[in-house]
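# Observations on the three-dimensional arrangement
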Amino acid sequence: MEKLNKIYEAVEMLEALGLPVSNEQLNAIAQMEREYLRDEIIPLIKQELEPMVEKMKNKFQLEVTYSMDDGFDIKLAEPIRPKTTLFPTEDLQGQRKKKYIIRVTFPDNRVSCHKIVTNTFVDVIRYAGAKNVERLGIMINGENIISTKLYENERYQSYQHEIEPGLYVCTYTNTERKLEMLKNINRELNLNLIIEKAMLGD
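My aim in this report is to walk through the structure given alongside it, one point at a time. In this text the structure is predicted, and so the values were computed from the model without any measurement. The residue count restarts for each chain, going from 1 along the sequence in the order it is written. Given that the model is predicted, a residue must reach a pLDDT of at least 70 before its local features are reported, and side-chain atom pairs must reach 80 or more before they are shown or counted; all residues, however, enter totals for whole chains, interfaces and linings. Each side-chain value is worked out from all heavy atoms of the structure, with water and hydrogens disregarded.

## Regarding the overall build of the protein chain
The helix and strand inventory of the protein chain stands at 6 helices and 10 strands. Think of it in three bands: with a 1.4 Å probe and only protein chains considered, a residue is buried below 20% of the maximum accessible area for its type, exposed above 50%, and partly exposed in between. Considering the protein chain as a whole, with its 202 residues, one finds that 28% of them fall into the buried category. Note on definitions: a residue-residue contact is assigned when non-hydrogen atoms from the two residues lie within 4.5 Å. A fraction of 51% describes how many contacts in the protein chain between residues 6 or more apart in sequence connect residues 24 or more apart. Carbon together with sulfur atoms contributes 51% to the accessible area of the protein chain, which is approximately 14700 Å² in total. A helix here means a DSSP run of H or I that spans at least four residues, while a strand means a run of E at least two residues long, and both kinds are numbered starting from the N terminus. Values of accessible area rely on a 1.4 Å probe in the Shrake-Rupley scheme; residue burial ignores everything except the protein chains shown.

Below, the structure is given as structure tokens:
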């Protein structure tokens, strides 16, 4: 968000000077906003909502609209046809539905594959080295994934894990985003890890 704020300030300065902002520049800003929403905001919203609705049996669709003038508007979209049964015990292949986790195989063949995905995530960050990961500039909620201080908000502090003395990694994101970040860290730091999805219960 810091980069976007600087761009907004630059646009305001240009407009104050009476200089035009091109359509290409406006389109580029719109694309950056979409990427920020996709990579930072949507994972946070998903993580907040999932515990509240995870026991619901039917599928629902939410429409979220935002503008500077009107703020947020969230409403239910048109109803989706309900399931024929609310309590299926098996899927179409006769297998119980499973939730996936992350399996990481290190160069020495050690495997990290915890039922709690955060523990696997922290294992890899610790292996990669906090300072090395910090230099990659990976952001969560507008902040570097590695921090030298705890958040003031106690709620978010629970998502910070000390991996080296005075260095904390933030894990406030969903499994899919954790998987993407681990693959990026592996690639950028040449860690030679094997990172893959694993089904919970395998």
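## Some points on the packing of aromatic side chains
For this analysis, a ring pair means two rings from Phe, Tyr or Trp (six-membered ring only for Trp) whose centres lie within 6.5 Å, classed as stacked if their planes differ by under 30 degrees, edge-to-face if by over 60, and tilted for the remaining angles. Inspection of the entire model under this criterion finds 2 aromatic pairs. Their ring planes at 65° and their centres at 4.9 Å tell us that Phe106 and Tyr127 sit as a pair that is edge-to-face. Of this pair, Phe106 sits in the loop between strand S3 (100–105) and strand S4 (111–112) while Tyr127 sits in helix H3 (residues 117–128); the two residues are 21 residues apart in sequence, bridging distant segments of the chain. Under the relative-accessibility criterion, Tyr127 is labelled partly exposed at 39%.

## As for unusual backbone geometry
One non-glycine residue, Asn109, lies in positive phi territory at about 75°. Here Asn109 is to be found in the loop between S3 and S4. Overall, the relative accessible area of 63% leaves Asn109 in the exposed class. A positive phi is found at Asn190, a non-glycine position, where the angle reads about 50°. With respect to the secondary-structure elements, Asn190 resides in the loop between helix H6 (175–189) and strand S10 (194–199). Of the residues examined, Asn190 reaches a relative accessible area of 60% and is grouped as exposed.

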